[in-house]
Amino acid sequence: MDFDIKLAEEPDLVALDTGLRALSEDLGDNHRADRTALEHALFGPVPSAWACVATEGEAVLGLTLFSPLFSTGRGSAGLFVSDLWVAPEARGEGLGPALLRAASDHAVRLWGAGFLRLIVHDHNARARAFYDRVGFETIPGETALVLPGPAFETLRRQT
């Protein structure tokens, strides 16, 4: 398989949205990010995320969505990969590691990233096996938490 990977640009928005929706469907997740939110996150005045897109001709074969983070415990900036999707027909061709490398290279250039962090769903054994092969490690003693919409807004309103 001969694929090209590039940093996403505004004309890639429809393809990104389509791939992210396919990922949500694959995982059985609710997909709440509409195209406007994605556009603002990636191409707004202060981007909060970046994406890499893998294509072969006109076909989108995969993507990764990532953001910066900083860890005092690790002593450096890193990148958080929130989404990694490879089309079924492209799986097993080395595209997943290539997308992670592309995102990592971008993060190193932009903010000096020294590590990559992500979360894998417990029920996604295939993804977990892939991440294990790449060299990811479980973080002992940590539990991922989120403060969702209403609780986030309540916290923001507290004085």
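For the structure, check the block above.
Participant: When you look at the sheet that holds strand E5 (residues 116-118) in this model, what are you seeing that I'm missing?
Facilitator: Pairing between sheet strands relies on hydrogen bonds along the backbone, with the strands arranged either parallel or antiparallel. Strand order in the open sheet made by the 5 strands is E1-E2-E3-E4-E5, with mixed pairing throughout. The open sheet has two edge strands, strand E1 (4-7) and E5, and neither has a second partner. If you compare each strand with its neighbour and ignore which way they point, the axes differ by 30° on average. By the bridge criterion, 4 bridges tie E1 to strand E2 (residues 50-56) in an arrangement that is antiparallel. Across the sheet, residue leucine 7 finds its bridge partner in E2, namely cysteine 52.

Participant: Please clarify how the packing of helix H1 (residues 13-27) against helix H2 (residues 35-43) should be interpreted in this entry.
Facilitator: Angle between the axes and distance between the axes: these two values describe a pair of packed helices. As a packed pair, H1 and H2 sit with axes 10 Å apart at the nearest point and diverge in direction by 115°. Of the two elements, H1 crosses H2, and the hand of that crossing is right-handed. Of H2, the residues touching H1 (which contributes Leu13, Val14, Leu16, Asp17 and Leu20) are Arg35, Leu38, Glu39, Leu42 and Phe43. Here the residues of the contact of H1 with H2 are counted per class, giving 7 nonpolar, no polar and 3 charged.

Participant: Sorry, what's going on with H1 here?
Facilitator: In an α-helix, one turn spans 3.6 residues; hence positions three or four apart end up facing the same way. In this model H1 runs 21 Å from its N-terminal to its C-terminal C-alpha over 15 residues, within 8% of the 21 Å that 1.5 Å per residue would give. Those residues of H1 not exposed but buried are Leu13, Leu16, Asp17, Gly19, Leu20, Leu23, Ser24 and Leu27. The buried residues of H1 occupy one face: seen down the axis, they fall within an arc of 165°. Structurally, H1 contributes buried residues whose contacts are with H2, E2, strand E3 (59-71) and strand E4 (76-86). Immediately beyond the C-terminal end of H1, within one or two residues, lies glycine 28, with a positive phi of roughly 75°.

Participant: Looking at this structure, I do not really get the pairing of E4. What am I missing?
Facilitator: Residues in a regular strand project their side chains so that they alternate between the two faces of the sheet. Of all 11 residues making up E4, 8 are buried, and the element is well covered by its neighbours. Examined bridge by bridge, E3 and E4 share 10 bridges and lie antiparallel to one another. Paired with leucine 69 across the bridge in E4 is glycine 78. Counting the residues that bridge the hairpin from E3 to E4 gives 4 residues, and of these glycine 75 lies at a positive phi of roughly 75°.

Participant: Please clarify how a nonpolar patch on the surface should be interpreted in this entry.
Facilitator: A surface patch of nonpolar side chains, about 280 Å² in accessible area, is lined by Leu147, Phe152 and Leu155. Tracing the backbone through its elements, the reader meets phenylalanine 152 in helix H5 (residues 149-157). In this structure phenylalanine 152 comes out as partly exposed when scored by relative accessible area, which is 40%.

Participant: Please explain the nonpolar core as it appears in this structure.
Facilitator: One broad rule of soluble globular proteins: the nonpolar side chains tend to lie buried together. Formed by 22 residues in total, the largest nonpolar core has its most connected members in Phe66, Leu79 and Trp111. Secondary-structure elements contributing two or more residues to this core are E2, E3, E4, helix H3 (95-111) and helix H4 (125-134). At 6 residues, H3 tops the list of elements feeding residues into this core.

Participant: Is there a simple way to explain the pattern of salt bridges in this structure?
Facilitator: Side chains that differ in sign of charge can pair as their charged atoms come close. Tallying each qualifying case throughout the model produces 8 salt bridges. Ionic pairing is found between aspartate 17 and arginine 21, a salt bridge with its closest N-O pair at 3.1 Å. Residue aspartate 17 and its partner arginine 21 are both found in helix H1; the two are separated by 4 residues, about one turn of the helix. Judged by relative accessible area, aspartate 17 falls into the buried class, the value being 3%. Between arginine 91 and aspartate 26 there is a salt bridge, with its nearest N and O atoms 3.0 Å apart.

What counts as what
Residues numbered from 1 in each chain as written. Predicted model: local features only at pLDDT ≥ 70, side-chain atom pairs only at ≥ 80, totals over all residues. Heavy atoms only, no water. Pairing = 2+ DSSP bridges. Helix = DSSP H or I, 4+ residues; strand = E, 2+ residues; numbered from the N terminus. Axes fitted to C-alpha atoms, helices over the stretch in contact; angles between N-to-C directions. Left-handed = near helix turned anticlockwise from the far one by under 90°. Contact = heavy atoms within 4.5 Å. Nonpolar A, V, L, I, M, F, W, Y, C, P; charged D, E, K, R; others polar. Expected span 1.5 Å × (residues − 1). Buried < 20%, exposed > 50% of the residue type's maximum accessible area, 1.4 Å probe, protein only. Arc of directions from axis to C-beta. Patch = residues over 30% accessible without salt bridge, like charges linked within 9 Å, V, L, I, M, F, W, Y side chains within 5 Å. Areas by Shrake-Rupley, 256 points an atom, 1.4 Å probe, with all protein chains shown as cover. Salt bridge = Lys/Arg side-chain N within 4 Å of Asp/Glu carboxyl O. Core = buried A, V, L, I, M, F, W, Y, C linked by side-chain atoms within 4.5 Å.

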